[in-house]
Amino acid sequence: MNDSMTSTPVPEQATFDEMRRQIMLLKQKLNQTCLVNEKLIKQSARNKLNDLQHKRRRINCIIIFGLLYCNGMFSFLDYSFILMVLTTCFLLAAYVYQHFSSKGIRPSDMARCSLVEISHSLLRMDRLNQRWLYFSIPFVIGWFALFLYESYTKSGGPYICCGGAVGFVIGAVLGIIHFRHVRRKTREAVREIEYFIHGQ
């Protein structure tokens, strides 16, 4: 009777080994899924940032053109040296600040940085762009006031002032559109990264 009770033992060790193997396979699949999702999120963020990089290059071209055109025109029309210096300093500051704010989100950075680092770089760029507005808006208003003051005393001054005012309004509208576009793309990328990180 004792032999009949012990003749069919439960293969506990084999069951545990099979469970362990299944758990390892599940972990491998989860790791592979996380890697694939991270690559997809990085690619989505890269696509948004590539668009911003193209716009940044166009802004840089506009800055370089502005340096040459404004200083050439101011020199030809005999504007003050102070206005030329202020114009040059502002445009150079915009160029340097734009390069500084994009640190950490360039294509080379995207390849080697983690999603958390990319998210921090995007938030940093957004903060720096806001701070630039706090400086640039008062500066541009003061610069434009000086431009109108010097232009009005010249031959055809009222026409120069009207043309400058139209250019100022157009530039302000384009600047607002650019700022809103950059902020929207930046926040979309940050939301996607945070959703992936918190959803793991």
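See the structure printed just above.
Structural notes, computed from the coordinates. Note that this is a predicted model, so its numbers are computed, not measured.

Conventions adopted
Residues numbered from 1 in each chain as written. Predicted model: local features only at pLDDT ≥ 70, side-chain atom pairs only at ≥ 80, totals over all residues. Heavy atoms only, no water. Helix = DSSP H or I, 4+ residues; strand = E, 2+ residues; numbered from the N terminus. Buried < 20%, exposed > 50% of the residue type's maximum accessible area, 1.4 Å probe, protein only. Contact = heavy atoms within 4.5 Å. Areas by Shrake-Rupley, 256 points an atom, 1.4 Å probe, with all protein chains shown as cover. Core = buried A, V, L, I, M, F, W, Y, C linked by side-chain atoms within 4.5 Å. Salt bridge = Lys/Arg side-chain N within 4 Å of Asp/Glu carboxyl O. 1 Å grid on protein atoms, 1.4 Å probe; cavity = no way out; pocket = protein on both sides within 12 Å on 5 of 7 lines; lining within 4 Å. Points joined across faces, edges and corners; volume = space filled by probe spheres on them. Nonpolar A, V, L, I, M, F, W, Y, C, P; charged D, E, K, R; others polar. Patch = residues over 30% accessible without salt bridge, like charges linked within 9 Å, V, L, I, M, F, W, Y side chains within 5 Å. Expected span 1.5 Å × (residues − 1). Arc of directions from axis to C-beta.

### Digging into the overall build of the protein chain
- The helix and strand tally for the protein chain stands at six helices and zero strands.
- When the helices and strands of the protein chain are read in sequence order from the N terminus, they spell out α-α-α-α-α-α.
- Here the protein chain holds 200 residues, and 29% of them are scored as buried.
- Across the protein chain, the fraction of contacts at a sequence separation of at least 24, relative to all contacts at a separation of at least 6, is 80%.
- When the accessible area of the protein chain is evaluated, it comes to approximately 13800 Å², of which 67% is carbon and sulfur surface.

### Structural notes on the nonpolar core
- Listed in full, the twelve residues of the largest apolar core are Leu49, Leu52, Ile105, Cys113, Leu115, Ile118, Leu122, Met125, Val182, Ala189, Val190 and Ile193.
- Contributions of two or more residues to this core are made by helix 2 (12-76), helix 5 (115-152) and helix 6 (157-199).
- Judged by nonpolar contacts, the second largest core, of eight residues, contains Leu83, Trp143, Phe144 and Phe147.

### Digging into the pattern of salt bridges
- On inspection of all chains with the given rule, the structure shows three salt bridges.
- Arg183 serves as the salt-bridge partner of Asp126, at 3.1 Å between the closest nitrogen and oxygen. A residue pair is termed long-range when its members are at least 10 positions apart, and Asp126 in helix 5 and Arg183 in helix 6 qualify at 57 residues. Taken individually, Asp126 and Arg183 each receive the classification buried, so the pair is uniform in this respect.
- As a salt-bridge pair, Arg187 and Asp126 come within 3.9 Å of each other at their nearest N and O atoms. With Arg187 in helix 6 and Asp126 in helix 5, this pair connects stretches of sequence that are 61 residues apart.
- The exposure class of Arg187 is partly exposed, given its relative accessible area of 41%.
- Linked by salt bridges that have partners in common, Asp126, Arg183 and Arg187 make up one network.

### A closer look at the layout of surface pockets
- Each pocket or cavity is described by its volume, and for the largest pocket that value is around 2000 Å³.
- Around the largest pocket sit 46 residues that line it, and Ile62, Phe90, Gly171, Ala172 and Gly175 are the ones nearest its centre.
- Elements with a contribution of two residues or more to the lining of the largest pocket: helix 2, helix 3 (81-101), helix 5 and helix 6.
- Of the residues forming the lining of the largest pocket, the biggest block, 15 residues, is contributed by helix 6.
- Counted by class, the lining of the largest pocket contains 30 nonpolar, 13 polar and three charged residues.

### Brief notes about a nonpolar patch on the surface
- Together, Val166, Val169, Ile170, Val173, Leu174 and Ile177 give the surface a local cluster of nonpolar side chains, amounting to about 550 Å² of exposed area.
- Along the chain, Leu174 turns up in helix 6.
- Since its relative accessible area comes to 53%, Leu174 is described here as exposed.

### Some remarks on unusual backbone geometry
- Of note in the backbone geometry, Asp78 takes a positive phi value of approximately 65 degrees without being a glycine.
- Tracing the chain through its elements places Asp78 in the loop between helix 2 and helix 3.

### Quick word on helix 3
- Helix length check: helix 3 (21 residues) gives 30 Å between terminal C-alpha atoms against 30 Å at 1.5 Å per residue, within 8%.
- Here helix 3 has its buried residues at Leu83, Met84, Thr87, Phe90, Leu91, Ala94, Gln98 and Ser101. Along the long axis of helix 3, the arc covered by the buried residues comes to 155 degrees, so they all point the same way. Counted as exposed and oriented over 90 degrees from the buried face of helix 3: Phe81, Ile82 and Val96.

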